[in-house]
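Below are the chains, spelled out letter by letter.
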Amino acid sequence: MEKRRLGRTDMDVTVLGFGGAGTAGEDVEKIGRVLNSALDGSEESIGNAISKRRTEFFLFTKCGHPRGIGTEDWSGNSISESIERSLRRLQTDRIDLIQLHGCSEAVLKKGEAISALEKARERGWVRYLGYSGDGRPARFAVECDAFDALQTSINIADQEAISQIVPLARTRNIGLIAKRPLANFAWKTGHKPINSYHHEYYERLRKLNFDFLSNDSAEESIAIALRFVLSVPGVHTAIVGTTKPERSQENARLLESRPLPESEYDAIRERWDVIAPKTWIGQP
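Procedures and definitions
Residues numbered from 1 in each chain as written. Predicted model: local features only at pLDDT ≥ 70, side-chain atom pairs only at ≥ 80, totals over all residues. Heavy atoms only, no water. Helix = DSSP H or I, 4+ residues; strand = E, 2+ residues; numbered from the N terminus. Expected span 1.5 Å × (residues − 1). Buried < 20%, exposed > 50% of the residue type's maximum accessible area, 1.4 Å probe, protein only. Pairing = 2+ DSSP bridges. Axes fitted to C-alpha atoms, helices over the stretch in contact; angles between N-to-C directions. Contact = heavy atoms within 4.5 Å. Arc of directions from axis to C-beta. Phe/Tyr/Trp six-rings, centres within 6.5 Å; stacked < 30°, edge-to-face > 60°.

(A) Seen up close, helix 3 (residues 76–90). The end-to-end C-alpha separation of helix 3 is 21 Å, in line with the 21 Å expected for 15 residues at 1.5 Å each. Those residues of helix 3 not exposed but buried are Gly76, Ser78, Ile79, Ser80, Ser82, Ile83, Arg85, Ser86, Leu87 and Leu90. Phi turns positive, to about 55°, at Gln91, one or two residues after helix 3.

In structure tokens, the structure reads:
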């Protein structure tokens, strides 16, 4: 699989990364199959599954929600404790990239959270610092020059960052990680998804009405969506989550056939420019 240097870090990353958020609650044997497939969960599941293969992958994780999403604590002590807990769960002595997850611009400007990350780096717990988020906080994270990487939403239904943040990140040589690159596969069934988390993208895609989404081949539409994200100048890797062992290999295979032609990339961008209102901001 193609590799790209992640900004100013020393990491050459594959263009497809594995997102483990959806693995929480799955049994270790299944997670082991998924993760080992991705190489050839939850942090604890990932640690149990592939800690013995630590030299074969880069490990990125997040901090700031010590008891799960919705339990924000950006104090220095909480962030330090969170990183220590991640090291234990992941059964490793280092995290390659630690990312502040979704804190506000005000929190970033206060500086305590960033200082806690810098102290973790000084202690050797982490190698590089990142921010995960969208919109104004993401732009500030790039501008403040404290971070080596940014993880932000980029997909066919979420293109605000391509014009508002990506060019600046390229100028600053910030590693750029695309999250939600398949827009939650919100077009999968042709009707409104059950999961409300997917509703925003579903509604946007109905209005964007891309021709390739009406194709009978789900694989072809996935391939175009992935190739679009990886064709955005400045994007280094896209994080795709799955609980199916075969899915990672299938996604990799879809990227092998051909890059997205420039004309197709331009058509997707132009469609966004014509249809998308200013209210279609980056989705967390």
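(B) Broad picture of the sheet that holds strand 9 (residues 237–241). Taking strand neighbours across the sheet as the criterion, the 7 strands line up as 3-9-8-7-6-5-4 in an open arrangement whose pairing is parallel. Two strands close off the open sheet at either side, each with one partner strand: strand 3 (16–19) and strand 4 (60–63). Taken pair by pair, the neighbouring strands of this sheet meet at an average axis angle of 30°, ignoring direction. Two strands pair when backbone bridges link them, and strand 3 and strand 9 are joined in this way by 4 bridges, in the parallel orientation. Within the sheet, the bridge partner assigned to Phe18 lies in strand 9 and is Val240. In this fold helix 10 (residues 218–231) packs onto strand 3, strand 8 (175–179) and strand 9, with an angle of close to 145° to the strand it touches most, strand 9.

(C) Structural context of helix 12 (residues 262–275). The end-to-end C-alpha distance of helix 12, which contains 14 residues, comes to 20 Å, matching closely the 20 Å that a straight helix rising 1.5 Å per residue would cover. For helix 12, the set of buried residues is Tyr265, Ile268, Arg269 and Trp272. When helix 12 is viewed along its axis, its buried side chains cluster within an angular range of 90° and face the same direction. Residues Ser263, Glu270 and Val274 are exposed on helix 12 and point more than 90 degrees away from its buried face. Next to the buried residues of helix 12 lie helix 7 (160–164), helix 9 (199–208) and helix 10.

(D) Seen up close, the packing of aromatic side chains. Across all of its chains, the model carries 5 aromatic pairs by this definition. Arranged with centres 6.2 Å apart and planes meeting at 55°, the rings of Tyr131 and Phe147 form a pair that is tilted. Of this pair, Tyr131 sits in strand 6 (residues 126–132) while Phe147 sits in the loop between helix 6 (135–143) and strand 7 (149–153), placing them 16 residues apart in sequence. Here the two residues Tyr131 and Phe147 agree in accessibility, since each one is buried.

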